[in-house]
Amino acid sequence: MLAQLLKDELSALGIQTVDIDENGYLMATLPAHPDAPPETPVIGFLAHLDTATEMMAENVSPKVTENYQGDDIVLTDAHAEAEGKAVVLSPRDFPALLQYKGHTLITTDGTTLLGADDKAGIAEIITAIEYLLHHPDIVHGTIRFAFTPDEEIGRGPHHFDVNRFAATYAYTVDGGPIGELQYESFNAAQATITIYGKNIHPGTAKGKMVHATKLALAFQATLPERESRSPKPTQISLCAGFGFGTVMSLI
Ligand SMILES: [Zn+2]
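Residues numbered from 1 in each chain as written. Predicted model: local features only at pLDDT ≥ 70, side-chain atom pairs only at ≥ 80, totals over all residues. Heavy atoms only, no water.

Taken together, the protein donors to the zinc ion comprise His48 (NE2), Asp117 (OD), Asp174 (OD) and Asp174 (OD), at separations of 1.9 to 2.3 Å. Note that the zinc ion binds four donor atoms; their angles at the metal cover 57 to 140°, and the shape is irregular. Spacing between the donor residues of the zinc ion along the chain follows H-x68-D-x56-D. Linking His48 in strand S3 (residues 43-48) with Asp117 in helix H3 (residues 116-134), this pair joins segments that are 69 residues apart in sequence. (Donors = N, O, S within 2.8 Å, 3.2 Å for Na, K, Ca; no water. Tetrahedral: all angles 85-135°; square planar, octahedral: opposite > 155°, others 65-115°. Helix = DSSP H or I, 4+ residues; strand = E, 2+ residues; numbered from the N terminus.)

Written out as structure tokens, the structure is:
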């Protein structure tokens, strides 16, 4: 639905090659400038169509704060404030706000999700395409761009057809402060490891009982430090070794 709206908008801009595949992935092309050398690599830009699912994302009514001065922004209206239900966006909680003094900030009004993740990415890509269309003096190679579903549920890349996209290099425009470029990401692969200790009657356990926790800690210590700083804690279920063979704890 959203992909279809964007397809219509892109067609109205003059982008002729816009396709939406059966999985809802929109892909489009801005052809190379006639003066671009033929070896110019195809550059891709991506953004995701879906927004976070945790908050209400319908009937969004953005709040615009012009010439932001670094103060707290009361998102909700005076009525909510009178009831003590004001929602405040404060640099105390989000120090990065102070980098945007003098800017115009677009935020939620505190009642719904804003959804700038990743509507802002889509708007930025379309604005860039529009700019290039209106400035034929800028020489550029072929630009491919794609808007994808299901990023917020971790399935954005699952049906992304890399060959169909056919970009030599590509950038995802999604979140992050102005000027930040991320060139690598953690691997969110998951493994469930169950570690069994050795349970023995305490009377004869000396030198024989093996505690599952100690094994888990030894295993954890073998993971290369640089490659195992996962944003989520390592989870290992521990069975037996001490107690009666039940799961004992999670690290
Ligand atoms: Zn995002």
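Past the structure itself, the notes keep going.
One way to put it is that helix H1 (residues 2-13) packs onto H3 with a least axis distance of 11 Å and a crossing angle of 15°. Considering the angle they form, H1 stands roughly parallel to H3. At the point where H1 passes H3, the crossing takes the right-handed sense. From H1, Leu6, Glu9, Leu10 and Leu13 reach across to H3, where they touch Ile122, Ile126, Glu130 and Leu133. (Axes fitted to C-alpha atoms, helices over the stretch in contact; angles between N-to-C directions. Parallel < 35°, antiparallel > 145°, perpendicular 65-115°, else oblique. Left-handed = near helix turned anticlockwise from the far one by under 90°. Contact = heavy atoms within 4.5 Å.)

Now for the environment of His33. Mapped onto the fold, His33 is located in the loop between strand S2 (26-30) and S3. Expressed as a C-alpha distance, the spacing of His33 and Leu133, which sit 100 residues apart in the sequence, is 9.8 Å. When sequence neighbours within four positions are dropped, the list of residues in contact with His33 reads Pro136, Ile138, Val139 and His140.

Let us now look at the sheet that holds strand S8 (residues 143-148). Taken together, the five strands give an open sheet; going across it, the order is S1-S2-S8-S3-S9, and neighbouring strands pair in mixed fashion. Strands with a single pairing partner mark the edges of an open sheet, and in this sheet they are strand S1 (17-20) and strand S9 (169-172). Between one strand axis and the next, the sheet turns through 15° on average, direction left out of account. Lying on the sheet, H1 is in contact with S1, S2 and S8; it crosses S1 at an angle near 170°. (Pairing = 2+ DSSP bridges.)

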